[in-house]
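As a plain string of letters, each chain reads:
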Amino acid sequence: MAIRSGRGARPGVRRGLTVGTFALVVLFGATGTGLAVPPPPPNPSDSDLNSSKAAANDKAGEVGRLTNQLAQAEGKLSSLQDDLELKQEQANKALVDLQTAQDAATQAEQDAQSARTQADAAAAAIEKSRDDLKKFAAASFEQGSTIGSISAYLTADSPQDLLARAQLLDSIGGSRLNALDRLQQAQTDKSNKDSAARKALDVAQQKQEAARQAKSGADSAQSAAVEAQQAQAAQNTQLEANKSSVEQQLYAAQSKVNGLQGQRQRYQDWVAQKQREDEERARQAALASSNNSGGGGRPSGGGARPSPAAGSSIEAVIARALSQVGLPYAWGGGNASGPTRGIRDGGVADMYGDYRKIGFDCSGLMIYAFAGVQSLSHYSGYQYTSGRRVPLSQMRRGDMLFYGGSGGIHHVALYLGGGQMVEAPQSGSYVRVTSVRYGGIMPYATRLIG
């Protein structure tokens, strides 16, 4: 509330004021509180500022070193993953080869068994034929039959009949012998087949054993690859944790720098405001001294504070983004009010359970950061064209950096200056401060302020 002047303050008091009295009234705020300068804010020393900047630079350097180490470790992990996939495929090949060898051994065993059965049957048939031949010969001599006995010769009526009977006996005996020969040849063939089947079985069993050993070796190689990959993954996790810890320290150091710089800026604003107020008071005093009656029009009060500069808006945007460091990445998460639950994508994000997490994705973090400045779409491609685009060589604190290629934009981050940026990287990670990556970066930064 404005201080009331002595003029018309109460009945019976002389309405006129001397020039000196009026000047004092003006100097002490007769024109309203607009001229009152608040107490000076803290003004950090140059030493404090330089010390905090040095500490932040040290942390930034440490983050850079850890980032390089992590990049190398990730490269090694990727190589080990490729090797693991190769070992897995080799194990699959060994399994297929083993199954094929087992099938071949089974078939060879069946073939050998069949050959042995056939050979045994042929041998039995030969023995039976031999028995039949013996019986035929005995009957020929003992029974005197015309089929095979000696009486067949003695009872012949004529030489022609004797010759016919001899030929008949010879023919019958010969057919028996021919049949025996054929059975013996069949036995030989079956024996050869049995031998070949046994040899094939031996070869199949050797291949089966070789395949079994190959499968064992492939399994061992795969197990070794899994152990190496898991060990490297554990090392990467530790490096990531160390890097995250140092990034938090960097954030704290940068926040301290920002806080001290903000204090210095507020102090400088206070000095400038005080100077303007002093100049205004001097002007009003000069005006009052030229008015002998004291009835001149009263000044309308000091000018309003200037509207916040672009720099303060940029700092507000950055402060909002940095306040979310450490929150989980959630695909589809984040709006102007803060983190939200992620959504399903039917792929990688679902594998990481993003739809169960409360957090941000990359474009959602930008929506929250710039909420007080401009409304942004939840798509980095549209955010790329949402403001003035400037070459990367001219990028400055508060600009958005984008990553993509011929297929379109796929990532966005907020530039902090000094080669640092804040981002929500990917599923399974967290909002973080990291060094600017130039691989796949778009040629322009997008500027919404200034």
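Before reading further, recall that the structure is shown in the block above.
These numbers were taken from a predicted model, which means no experiment stands behind them.

Here we look at helix α7 (residues 362-369)
Because each turn of an α-helix spans 3.6 residues, side chains separated by three or four positions in sequence point in the same direction.
Alright, step 1. Buried residues dominate α7, accounting for 8 of its 8 residues.
Alright, step 2. For α7, the complete set of buried residues consists of Cys362, Ser363, Gly364, Leu365, Met366, Ile367, Tyr368 and Ala369.

Points about the side chain of Arg264
Alright, step 1. Counting through the fold element by element, Arg264 comes out in helix α4 (residues 159-289).
Alright, step 2. Under the relative-accessibility criterion, Arg264 is labelled buried at 17%.
Alright, step 3. A distance of 2.6 Å separates a polar side-chain atom of Arg264 from the backbone oxygen of Pro44.
Alright, step 4. Separated by 2.9 Å, the side chains of Arg264 and Asp46 make a polar contact.
Alright, step 5. Leave out the neighbours within four places in its chain, and Arg264 touches Asn43, Pro44, Ser45, Asp46 and Leu49.

Examining the nonpolar core
Alright, step 1. In this structure, Met366, Phe370, Met400, Leu414 and Val422 are the most contacted members of the largest nonpolar core, which totals 38 residues.
Alright, step 2. Among the secondary structure elements, those contributing two or more residues to this core are α2 (46-142), α4, α5 (310-322), α7, β4 (400-405) and β5 (408-417).
Alright, step 3. Considering each element in turn, this core owes the most residues, 6 residues, to α7.
Alright, step 4. The contacts of Val422, once residues within four sequence positions are left out, are Ala321, Leu322, Val325, Leu365, Met366, Ala413, Leu414, Leu416, Val431, Arg432 and Val433.
Alright, step 5. The next biggest cluster of nonpolar side chains, apart from the first, holds 11 residues, and it includes Ala413, Val436, Ile441 and Ala445.

Calculation notes
Residues numbered from 1 in each chain as written. Predicted model: local features only at pLDDT ≥ 70, side-chain atom pairs only at ≥ 80, totals over all residues. Heavy atoms only, no water. Buried < 20%, exposed > 50% of the residue type's maximum accessible area, 1.4 Å probe, protein only. Helix = DSSP H or I, 4+ residues; strand = E, 2+ residues; numbered from the N terminus. Polar contact = N/O pair within 3.5 Å; in protein donor to acceptor, adjacent residues only side chain to side chain. Contact = heavy atoms within 4.5 Å. Core = buried A, V, L, I, M, F, W, Y, C linked by side-chain atoms within 4.5 Å.

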